[in-house]
Each structure stands twice: as structure tokens, then as C-alpha cells.
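Coordinate inspection notes
Given next are the chains, with one letter for each unit.
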Amino acid sequence: MTEALSVDAASEIQWSEDYFGGAWLVTRYADVERALRDSRLSVRRTGGWVPAGAKTDGSLKPFRSLVARALLFLDAPDHGRLRSLMMGAFQPHALQELGQRLREQVRVRLDGIDASAPFDFIARVAQPVPAQVVAEMLGLTLEAADSALRHATDIAAFVEHPCPDEALTQRAQRSALGMAQLWRGWLEEDPPPHDPNSLFGRLLAAHREGRIESREELLAQLVMLLFAGHETTRHLLGSALDALMADPLMRERAAADPAVMRRAVREVLRHASPVRYTARRVAVPFEWHGQQLRRGDAVLLMLAEANRDAVRFTAPDQLNLTRDEGVHLAFGVGPHVCIGAALTQLEVEIVLTEVLQRWPDLQRAAPGGEVPASEPIRSGLYQGWRSLWVHRG
Ligand code: HEM
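Since this is a predicted model, take the numbers as computed values, not measurements.

Thoughts on the overall build of the protein chain
In terms of helices and strands, the protein chain carries 15 helices and 12 strands. Radius of gyration (C-alpha) of the protein chain: 21 Å, near the 21 Å computed for a compact globule of 393 residues. Residues classed as buried in the protein chain amount to 54% of the 393 residues present. Counted over contacts in the protein chain with a minimum sequence separation of 6, partners at least 24 positions apart contribute 72%. Here the protein chain has roughly 17,300 Å² of accessible surface; of this, 51% comes from carbon and sulfur atoms. Side-chain charges of the protein chain comprise 45 positive and 50 negative groups, with the mean position of each set lying 3 Å from the other.

Here is the structure:
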């Protein structure tokens, strides 16, 4: 696990040896936004992750080929083909239906918590709720969601590491293939009953009709969605609850008014961006801010730094839950902008509204006795809480 890098905000783009054996770091809002839309920068970057020693024996080939087929790592035209297949499941009417079910599920989950005693909000709520949502969208049972959560830990350790070694990569491979196994068994036999309009239903139909080219391509999307769907939302839930607990006035207003809650969550996304950076590789060489970017160079787009750019946001280091200064980059922008952004916001709004309406005096629990200290995530990639102990005041 690495500490977040401190980036010299004054320089425009800079070379760092700390990531992927060397990469350009881009930190300014305007530059990051531009780069995310620039087709000279490719998302095909899986090669750089696989340790050189493993390349020769081919032992990481299955992992590499799974990752390389996933939407997030594909350029046009494959990217557009797959993204349009999934988009329907993230449209407002689909989310509205999902939101109604989710509110009920969250209420049942909260009924099972005695908040007069300290509990870990991450373990009891922030981790299981997004996992359950995405598992259902992908046609999995709750038990399968639990098993996916265990696999996700190894994948996260790999993704979080700026220079993963072979052992870490092998573990991630085992877990990614383990996740794929959740579907593989019955994919070509009879799939369990499912809604044809769900994300899973849409993907299966596309596979049957040949718009998804192979079983491998289908599995790559399922694994990527399952991982992306819960790992990050959990971090946002922790940071947003923490921010609202610290501000009693805003907490009350946000719990009573969805528009206030939405704005507060948007500000937490800007101020504590759950995914700190994303990566590209130079496909067409070009000169930028006086630097020569060569074909194959890795380029890291520092979303969290860009969201604290003083040229773009007033007093950017201050968390201002009523801030109204337009778009942040926490979900990226351009062709690969997070497909789950609206879903995430809906999930977080529902969970936090239910929690704060039920327990308006919820606060951080001081460590002592049986209660350990809450633990922030210390990772270069993710930002949030590993554990967040809370109780009623
Ligand atoms: C706090 C929650 C989340 C954050 C901060 C987040 C962040 C991001 C970012 C920054 C990107 C763009 C990456 C790039 O351009 O390289 C992205 C893409 C993506 N996200 Fe999210 N995400 C979140 C939740 C979700 C959820 C809930 C899902 C699915 C259920 C999801 C699925 C995806 C997918 C499939 C992509 C790739 C889109 C594409 O390549 O076209 N994300 N996300």
C-alpha cells in the first residue's frame, strides 16, 4: 500500500518513476479534462500492468485477456458497441425502479443494526449495499455477491498498487477468474430467471444475438461491472457520511431535502474523489506543455488533484457542502465517463437519507474498549474509509 503522492501543483505535466515503471502525471483540471477527451491517448493499457518476468511463461495470459476485453480498456469502435449495449440499464426510468427496491432493502438492513452501540458503517452498510445492488443487476444471488466481495479484495489490492509484482498479479488473476466462474457454469445452459431489461438481461441477449462477440467478451464485462460497481461506491458512502456527521446543520437539511443531499454528495465527490487517478497510454506521439509524449508512454490523469485546482474551484481545499461550481472530474469525462455515475448518486442519496432520518444524531465513535479506531484508506488510488465506527450520540 502506498501513500498518496504529493504532486507539485505548480508544474504542468511531470514525469514520475513511481507509477507503472514511469508515467506522465497530469494534475490541472483543464489538462485532465482535455486529456480524457483526447483520442491520441488510448485506454488500452493492460500490458503495462503485467510484470515482465511473467510475460514469458504465459501464466498471466487468462487474466490479461479478460481485462483487455473489458469496456474500460477498449477504444473505439469496440468501446462504443459495448457501451451502447449497457446504457439502457442505467437510464433514469431503470434507476427509478431500482431505487424503490433499494430503499426497502436499506430499511431492512438498518432494522438489523442497533445504533446505540458503536458499529462499523463500512462493514455493515457501505460495503454490502453496493455489492447487493450490482450483484442483482448482474443476475447473481446474495451468496454469490458475498463470494464476489472476497474476490474483489485481491483485485483491489492489484489495481491499487502503482507497480504490482507478479505475486499480487497472480492473486488478482485467481480472483478475477473466480468471479468469472460465478457465471461461467450456466452461461451457455439455462440462465436463472432474469428481467430482460436488466443489465444482465441486456448483456445475455446481446451475446445470443452476436452483438457481444464471444463468451469471453461477455464474462469480461460482467467481472468488470461487478468490481467497478461496488469498490468505489463504498468509499464515497464513508466519506459522505463522515462529512455530513461533522456538520449538524447540513446533515439535517440534507436528510430532509434530496436536492441538498445531491449537492452535498457532489461536493464530497469533488473534495474526496474516491478514485484518485485513471490512466492512458500514448497512441499517437505529441508535444504537450513543452514535453515530448512518446508512443506507449503511460499518462496518469490525477482526478483528485484536478478537483482541487484553484484555477477551477474557489478555495478548493475547503469542503463546502453547498458549493455550486459545476462539474467535477470524479467520474471522469468524455467517452469513458463512468457509466454508473447516476446509479452511484442514487445509491448514496438513498442510503444516507435513510441513515440520517433514522439516526439524526449519528456521530463518530471514539476508540476504546472493544471499539477500534476508524481507519482511512491509505492508497494512492482510492480515497475513503476502510472502517468507520459510528453510534448514536
Ligand atoms: C463512487 C463511485 C464511482 C466512482 C468514483 C467511479 C469512477 C469512475 C471513473 C473515474 C471512470 C472513468 C475511468 C476512465 O476514464 O479511465 C469510471 C468508469 C466506469 N465505471 Fe465508475 N465509478 C463509480 C461507480 C461505478 C458503478 C456503481 C459502476 C457500475 C455499476 C461503475 C462502472 C463503471 C464502468 C463500466 C466504467 C467504464 C466506462 C467506459 O469505459 O465507458 N462505476 N468510473
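Structural notes on the sheet that holds strand S12 (residues 389–392)
Pairing is antiparallel in the open sheet, where three strands are placed in the order S4-S12-S9. Each edge of the sheet is formed by a strand with only one pairing partner; in this case those strands are strand S4 (119–120) and strand S9 (362–364). With two bridges joining them, S4 and S12 adopt antiparallel strand pairing. Of the residues in S12, the one forming a bridge with phenylalanine 119 is valine 390.

Remarks on the site of the ligand
In the vicinity of the ligand there are 28 residues, among which His79, Arg83, Thr278, His336 and Cys338 approach most closely. At 2.7 Å, a side-chain N or O of arginine 83 approaches an oxygen atom of the ligand. Contacts to the ligand include threonine 278, whose side-chain N or O atom sits 2.5 Å from an oxygen atom. Among the secondary structure elements, those contributing two or more residues to the shell around the ligand are helix H4 (78–87), helix H11 (215–245), strand S5 (277–282) and helix H15 (341–358). Each residue belonging to the shell around the ligand can be placed in one class, and the counts come to 17 nonpolar, nine polar and two charged.

Re helix H12 (residues 248–256)
Turning to H12, its buried residues are Met250, Arg251, Ala254 and Ala255. Viewed along the axis of H12, the buried residues span an arc of 130°, placing them on a single side of the element. Away from the buried face of H12 by more than 90 degrees, exposed residues Leu249, Glu252 and Ala256 are located. The elements touched by buried residues of H12 are H11, helix H13 (258–271), H15 and S9.

Remarks on the nonpolar core
Core analysis: the largest hydrophobic core is formed by 107 residues, its most contacted members being Phe121, Trp183 and Leu241. Looking at this core, the element that brings in the most residues is H11, giving 16 residues. Phenylalanine 121 has contacts with Ala126, Leu237, Gly238, Leu241, Val351, Leu352, Val355, Leu388 and Val390, leaving out every residue within four places of it along the chain. In terms of nonpolar packing, the next biggest core, distinct from the first, is built from 19 residues, Trp24, Ala35, Phe286 and Trp288 among them.

Quick notes on the side chain of arginine 270
The residue arginine 270 is located in helix H13 in this model. Residue classification places arginine 270 among the buried positions, given a relative accessible area of 2%. Within the structure, the side chain of arginine 270 is placed 2.9 Å from the side chain of glutamate 267, a separation counted as a polar contact. Here the side chain of arginine 270 touches glutamine 318 through a polar contact of 3.1 Å, landing on its backbone oxygen.

Looking at the packing of aromatic side chains
Under the criterion given, the structure shown has six aromatic pairs. When the centroid spacing of 5.1 Å and the interplanar angle of 80° are considered together, the rings of tyrosine 19 and tyrosine 277 count as edge-to-face. Highlighted residues: tyrosine 19 in the loop between strand S1 (13–16) and strand S2 (23–26) and tyrosine 277 in strand S5, separated in sequence by 258 residues. Just as tyrosine 19 is buried, tyrosine 277 falls in that class too. One cation-aromatic arrangement involves arginine 270 over phenylalanine 313; the distance from NZ or CZ to the ring centre is 5.1 Å. Residue placement shows arginine 312 over the ring face of tyrosine 29; its charged tip is 4.8 Å from the ring centre.

Topic: the pairing of S5
Counted residue by residue, S5 has six buried out of six residues, so it is predominantly covered. Of the two faces of S5, the one holding Tyr277, Ala279 and Arg281 and the one holding Thr278, Arg280 and Val282 are both buried throughout. Pairing geometry for strand S3 (residues 41–42) and S5, over two bridges, is antiparallel. Bridge assignment links leucine 41 to a residue of S5, and that residue is valine 282. Strand direction decides the pairing type here: S5 and strand S8 (residues 298–302), joined by five bridges, are antiparallel. Following the sheet pairing, arginine 281 is matched in S8 by alanine 298.

Focus on the pattern of salt bridges
The full count for this structure, using the stated rule, is 23 salt bridges. Residue glutamate 354 is joined to arginine 107 by a salt bridge in which the shortest nitrogen-to-oxygen separation is 3.0 Å. In this pair, glutamate 354 is assigned in helix H15 and arginine 107 in helix H5 (residues 92–111), connecting sequence segments 247 residues apart. In this structure, arginine 308 and aspartate 317 form a salt bridge, with 3.0 Å as the shortest nitrogen-oxygen distance. Look at arginine 308 and you get partly exposed, because its relative accessible area is 28%.

Rules and cut-offs
Residues numbered from 1 in each chain as written. Predicted model: local features only at pLDDT ≥ 70, side-chain atom pairs only at ≥ 80, totals over all residues. Heavy atoms only, no water. Helix = DSSP H or I, 4+ residues; strand = E, 2+ residues; numbered from the N terminus. Rg over C-alpha atoms; globule rule 2.2 N^0.38 Å. Buried < 20%, exposed > 50% of the residue type's maximum accessible area, 1.4 Å probe, protein only. Contact = heavy atoms within 4.5 Å. Areas by Shrake-Rupley, 256 points an atom, 1.4 Å probe, with all protein chains shown as cover. Lys, Arg positive; Asp, Glu negative; His and termini not counted. Charge placed at Lys NZ, Arg CZ, Asp CG, Glu CD. Pairing = 2+ DSSP bridges. Near = heavy atom within 4 Å. Polar contact = N/O pair within 3.5 Å; in protein donor to acceptor, adjacent residues only side chain to side chain. Nonpolar A, V, L, I, M, F, W, Y, C, P; charged D, E, K, R; others polar. Arc of directions from axis to C-beta. Core = buried A, V, L, I, M, F, W, Y, C linked by side-chain atoms within 4.5 Å. Phe/Tyr/Trp six-rings, centres within 6.5 Å; stacked < 30°, edge-to-face > 60°. Lys NZ or Arg CZ within 6 Å of the ring centre and 35° of its normal. Salt bridge = Lys/Arg side-chain N within 4 Å of Asp/Glu carboxyl O.

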